[in-house]
Amino acid sequence: MRITALWGLILLANAGVVSAQTGPATAPAPVASAASPAYLLGPGDKVQIAVYGEQELTGEQLVGPDGSVTLPLIGRVIAKGRSVNQVSEDIRARLADGFVQNPSVAVTIVAYRPFYILGEVNTPGQYEYAQGMTVLSAVARAGGFTYRAKKGEVFVKREGDSREYHVKVTNDLLIQPGDTIRVGERYF
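Read on for a plain summary of the structure. (Residues numbered from 1 in each chain as written. Predicted model: local features only at pLDDT ≥ 70, side-chain atom pairs only at ≥ 80, totals over all residues. Heavy atoms only, no water.)

### Considerations on the overall build of the protein
In terms of helices and strands, the protein carries three helices and 10 strands. From first element to last, N terminus to C terminus, the protein shows the α and β order α-β-β-β-β-α-β-β-β-α-β-β-β. Here the protein holds 188 residues, and the buried ones make up 37% of them. In the protein, once contacts between residues fewer than 6 apart in sequence are set aside, the share between residues at least 24 apart is 49%. Here the protein displays about 10500 Å² of accessible surface, and carbon together with sulfur accounts for 54% of that area. (Helix = DSSP H or I, 4+ residues; strand = E, 2+ residues; numbered from the N terminus. Buried < 20%, exposed > 50% of the residue type's maximum accessible area, 1.4 Å probe, protein only. Contact = heavy atoms within 4.5 Å. Areas by Shrake-Rupley, 256 points an atom, 1.4 Å probe, with all protein chains shown as cover.)

Here it is in structure tokens:
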């Protein structure tokens with residue numbers, strides 16, 4: 001987790017997004033999107049688990065609050081903080097250990113966990129994340145900016161990070177599943 005945050009700050013610094021000011025960090029530009037292979041599952045993600053030739057072991061699962069999915073025969077499988085490939089391999093190995101001969105397992109993401117938007121938008125709340133979503137499309141889902149909104153900047157808190165980042169709004173500023181976006185109020 002700490003390495004991922006450090007890598008993100010390195011990428012942001014190279015992109016010229018992080019400022020040297022004190023206070024909240026200025027930044028989470030699109031470090032990694034949900035489409036990238038590095039996407040890690042978390043509570044609220046919905047996955048499709050397919051075990052070839054084993055219909056009773058195939059189906060959709062919601063990653064629970066404890067970060068796991070539960071399958072017949074093998075029980076609880078940790079998904080939080082792992083890629084779909086890692087979860088798939090774990091399920092395959094556990095099924096191969098005396099339950100299914102030579103299992104072929106595929107795990108795919110059906111729906112990402114939601115993002116949250118609050119502050120000066122017309123309808124703050126929780127919304128369904130879509131792959132490649134930007135801050136501006138998130139604001140649009142929330143009914144647009146209010147007349148009091150400071151439209152050129154927002155605050156973004158990444159899931160699992162205790163800090164809130166102050167960022168300038170651009171057309172290509174990606175958000176990630178689980179992000180909380182706060183739109184501030186202008187002072188004039």
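Read on for the rest.
### Here's the deal with the nonpolar core
For soluble globular proteins, the rule of thumb is that nonpolar side chains tend to be buried together. Among the nonpolar cores identified, the biggest contains 38 residues, and I49, I91, L95, F115, I117, V154 and I175 are the most heavily contacted of them. If you list the elements that add at least two residues to this core, you get strand 1 (46-51), strand 3 (68-71), helix 2 (84-96), strand 5 (105-111), strand 6 (115-119), helix 3 (135-141), strand 8 (153-157) and strand 10 (180-183). The contacts of I117, once residues within four sequence positions are left out, are P124, G125, Y127, A138, V139, A142 and I181. (Core = buried A, V, L, I, M, F, W, Y, C linked by side-chain atoms within 4.5 Å.)

### Let's talk about unusual backbone geometry
Look at L73: it is not a glycine, yet its phi comes out positive at around 75°. Tracing the sequence through the fold places L73 in the loop between strand 3 and strand 4 (75-78). Located in the positive-phi region is N102, a residue other than glycine, with phi close to 50°. By relative accessible area, which is 72% here, N102 ends up exposed.

### Description of the sheet that holds strand 5
Reading across from one edge, 2-1-5 is the order of the three strands in this open sheet, with antiparallel pairing throughout. Because the sheet does not close on itself, it has two edges, and the strands there are strand 2 (59-62) and strand 5. Strand-to-strand twist of the sheet, defined as the mean angle between neighbouring strand axes without regard to direction, takes the value 30°. Here strand 1 pairs with strand 2 via four bridges, running antiparallel. Bridge assignment links I49 to a residue of strand 2, and that residue is G59. (Pairing = 2+ DSSP bridges. Axes fitted to C-alpha atoms, helices over the stretch in contact; angles between N-to-C directions.)

### A word on the packing of aromatic side chains
What characterises a pair of aromatic rings is the spacing of the ring centres plus the angle enclosed by the ring planes. Scanning the model with the defined rule gives three aromatic pairs in all. Relative to Y112, the ring of Y39 has its centre 5.3 Å away and its plane inclined at 85°; by these criteria the two rings are edge-to-face. Placement of Y39 in the loop between helix 1 (2-15) and strand 1 and of Y112 in the loop between strand 5 and strand 6 is noted, with a sequence separation of 73 residues between them. Taking relative accessible area as the criterion, Y39 reaches 10% and is therefore assigned buried. Aromatic pair F115 and Y127: ring centres 5.9 Å apart, planes at 25°, arrangement stacked. Here the residue F115 occupies a position in strand 6, and Y127 occupies one in strand 7 (residues 125-127), the gap between them amounting to 12 residues. Side by side, F115 and Y127 carry an identical accessibility label, which is buried. Taken together, the aromatic side chains of Y39, Y112 and Y129 make up a single cluster linked through ring pairs. (Phe/Tyr/Trp six-rings, centres within 6.5 Å; stacked < 30°, edge-to-face > 60°.)

### Focus on the pairing of strand 1
Here strand 1 shows a buried face lined by V47, I49 and V51 and an unburied face lined by K46, Q48 and A50. Sheet analysis places strand 1 next to strand 5, joined by six bridges and oriented antiparallel. Looking at strand 5, one finds that V51 is bridged to V105.

### Overview of the pattern of salt bridges
For the coordinates displayed, the defined rule picks out 11 salt bridges. For E89, the salt bridge goes to R92, with nearest N and O atoms at 2.8 Å. You can see E89 and its partner R92 sitting in helix 2, three residues apart, about one turn around the helix. Overall, the relative accessible area of 42% leaves E89 in the partly exposed class. You can call R92 partly exposed: its relative accessible area is 30%. Between R113 and E159 there is a salt bridge, with the nearest N and O atoms lying 2.5 Å from each other. With R113 in the loop between strand 5 and strand 6 and E159 in the loop between strand 8 and strand 9 (165-168), the pair connects residues that are 46 residues apart, well separated along the chain. The exposure class assigned to R113 is buried, which follows from its relative accessible area of 8%. (Salt bridge = Lys/Arg side-chain N within 4 Å of Asp/Glu carboxyl O.)

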